[in-house]
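Below, each chain spelled out in residue letters.
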Amino acid sequence: MSATTPPSPSPPVFSSHCSKTLDKFHNSTFIFSRSFKRNKDFSIRCEFESNQRWTVGCVSATDPIHIILKPPSIPMSAAAALGPAGKHSKRVCLFYCDEMKDLAERIASQSDAIELRSITWRTFEDGFPNLFISNAHGIRGQHAAFLASFSSPGVIFEQLSVIYALPKLFVSSFTLVLPFFPTGTSERMEDEGDVATAFTLARILSNIPVPRGGPTSLVTFDIHALQERFYFGDNILPCFESGIPLLLNRLQQLPDSDNISLAFPDDGAWKRFHKQLQHFPMIVCAKVREGDQRIVRIKEGDPAGRHVVIVDDLVQSGGTLTECQVSHEILAFKR
């Protein structure tokens, strides 16, 4: 039996109706790709300059050819995120403690995708928290975040109560933003009996209930010791950010940036940040004991005639910074 070559399909003929329809998009760039199946339907794919893909379905069973122009399809997940208001809808519900109210408002003003949500911070007569999350049903399926401040032990418990409650409200994801990890200096034992409170706080945060979308994300800035990441369990995803790039960018914008030196109050601060700040001359200090006092002395570098920016890895009372400033002023005066 000899093989028979099927006849080649004849090219489609566009009617005037088809031409007028396509003429509406004459300012766009079209890429035509035609597929034939036994002289039946064919399709045209059109790619616009805006990278939107439209489908033009042409039915050849009738005369003239009818064209159906279909807009680009939006995935269901993206449509759900956009909501009825499109790209301007709120997509993140940001909660905050009272101490972080001003910062939360500034964050929300930067994006229409962030909606501030309120919490009623009350106390019972005995001083224990009496808390209420407003419109709890309204955050179902939304991305939730909480801006926390553990500035003192007295406020940690009430904030932890809210932090543990939010993931249970059927949110899609939960992010905890804790700019300052307060127990950072107590990350190890030096003498038998020392309590590593950084490890304790890390374990508490590691037990935040897991929301629908997976483990909670913890964002904190310039944690005292990078090895503290290993204190957290698998139920939380710690993300360690740093403010050093912002400092570096700000210093480089100053008109006299070539006359700036960076000073570190001790070796710990120098080890933590010097690799990120190599663009500037550095001054390294050391703490020495004189009787019952610990005084900061300059170990390396010369501050004479220069602007000095002190960079420390952790500030609590500010005493070390003050001592460091005094040391630089004395040395500069002597020279």
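Given the structure is predicted, the values throughout are model-derived calculations rather than measurements. (Residues numbered from 1 in each chain as written. Predicted model: local features only at pLDDT ≥ 70, side-chain atom pairs only at ≥ 80, totals over all residues. Heavy atoms only, no water.)

What follows concerns the overall build of the protein chain. Looking only at helices and strands, the protein chain has eight helices and 15 strands in total. Looking at the protein chain as a whole, 31% of its 335 residues qualify as buried. The long-range fraction of contacts in the protein chain, counting pairs at least 24 apart against all pairs at least 6 apart in sequence, stands at 52%. Split by element, the accessible area of the protein chain, about 21,100 Å² in all, is 54% carbon and sulfur. (Helix = DSSP H or I, 4+ residues; strand = E, 2+ residues; numbered from the N terminus. Buried < 20%, exposed > 50% of the residue type's maximum accessible area, 1.4 Å probe, protein only. Contact = heavy atoms within 4.5 Å. Areas by Shrake-Rupley, 256 points an atom, 1.4 Å probe, with all protein chains shown as cover.)

Turning next to the pairing of strand E6 (residues 119–123). Note: E6 against strand E7 (residues 129–133), five bridges, orientation antiparallel. What sits directly across from Thr120, in E7, is Phe132. Between E6 and E7, which pair antiparallel in sequence order, lie five residues; one of them, Gly127, sits at a positive phi of approximately 95°. (Pairing = 2+ DSSP bridges.)

As a further point, take the nonpolar core. Of all hydrophobic cores here, the largest spans 40 residues; its most connected members are Phe146, Phe150, Phe174, Leu176 and Leu205. Elements with a contribution of two residues or more to this core: strand E4 (92–96), helix H3 (101–108), E6, strand E8 (143–147), helix H4 (153–165), strand E9 (173–177), helix H5 (197–206) and strand E11 (236–241). Excluding its chain neighbours within four sequence positions, the residues that come into contact with Leu176 are Phe146, Ala148, Ile163, Leu205, Ile208, Thr216, Ser217, Leu218 and Val219. Ile244, Leu248, Ile260 and Ala269 belong to the second largest nonpolar core, which has 11 residues in total. (Core = buried A, V, L, I, M, F, W, Y, C linked by side-chain atoms within 4.5 Å.)

The subject of this paragraph is the side chain of Ser261. In this structure, Ser261 sits in strand E12 (residues 260–264). You can call Ser261 buried: its relative accessible area is 1%. Ignoring sequence-local partners within four residues, the contact set of Ser261 consists of Pro281, Ile283, Arg306, His307, Val308 and Val309.

With that out of the way, let us pick up the sheet that holds E8. Reading across from one edge, E5-E4-E8-E9-E10-E11 is the order of the six strands in this open sheet, with parallel pairing throughout. Unpaired on one side and paired on the other, strand E5 (114–116) and E11 mark the two borders of the sheet. Neighbour to neighbour, the strand axes of the sheet diverge by 25° on average, direction disregarded. Bridging between E9 and strand E10 (residues 216–221) involves three bridges; their strand directions are parallel. Counterpart to Leu176 in the pairing with E10 is Leu218. (Axes fitted to C-alpha atoms, helices over the stretch in contact; angles between N-to-C directions.)

With that settled, consider unusual backbone geometry. We note that Asn135 has phi near 50°; this positive angle belongs to a residue other than glycine. A positive phi angle, close to 45°, is found at Asp222, a residue other than glycine. Structurally, the position occupied by Asp222 is in the loop between E10 and E11. Asp222 gets classed as partly exposed once you look at its relative accessible area, which sits at 21%.

Turning to helix H6 (residues 244–253), its buried residues number three or more, namely Ile244, Leu248 and Leu251. Along H6, the residues classed as buried sweep out an arc of 70° about the axis, all on the same side. Looking at H6, the residues exposed on the side facing more than 90 degrees away from the buried face are Leu246 and Gln253. Where H6 is buried, its residues contact E12, helix H7 (267–273) and strand E15 (307–310). (Arc of directions from axis to C-beta.)

Here we take up a nonpolar patch on the surface. A surface patch of nonpolar side chains, about 350 Å² in accessible area, is lined by Phe124, Phe128 and Phe157. Within the fold, Phe128 resides in the loop between E6 and E7. (Patch = residues over 30% accessible without salt bridge, like charges linked within 9 Å, V, L, I, M, F, W, Y side chains within 5 Å. Salt bridge = Lys/Arg side-chain N within 4 Å of Asp/Glu carboxyl O.)

Attention now moves to the pattern of salt bridges. Once their charged atoms are close, side chains differing in charge can pair, the charge on each being opposite to the other. All chains considered together, the criterion is met by two salt bridges. Glu115 is paired through a salt bridge with Arg117; the nearest N and O atoms lie 3.4 Å apart. According to the relative accessible area criterion, Arg117 is buried, its value standing at 12%. Across the pair Lys299 and Asp267 runs a salt bridge, and its minimum N-O distance is 2.9 Å.

Note that E10 and E11 share six bridges and pair parallel. By the bridge assignment for E11, Val219 is matched with Cys239.

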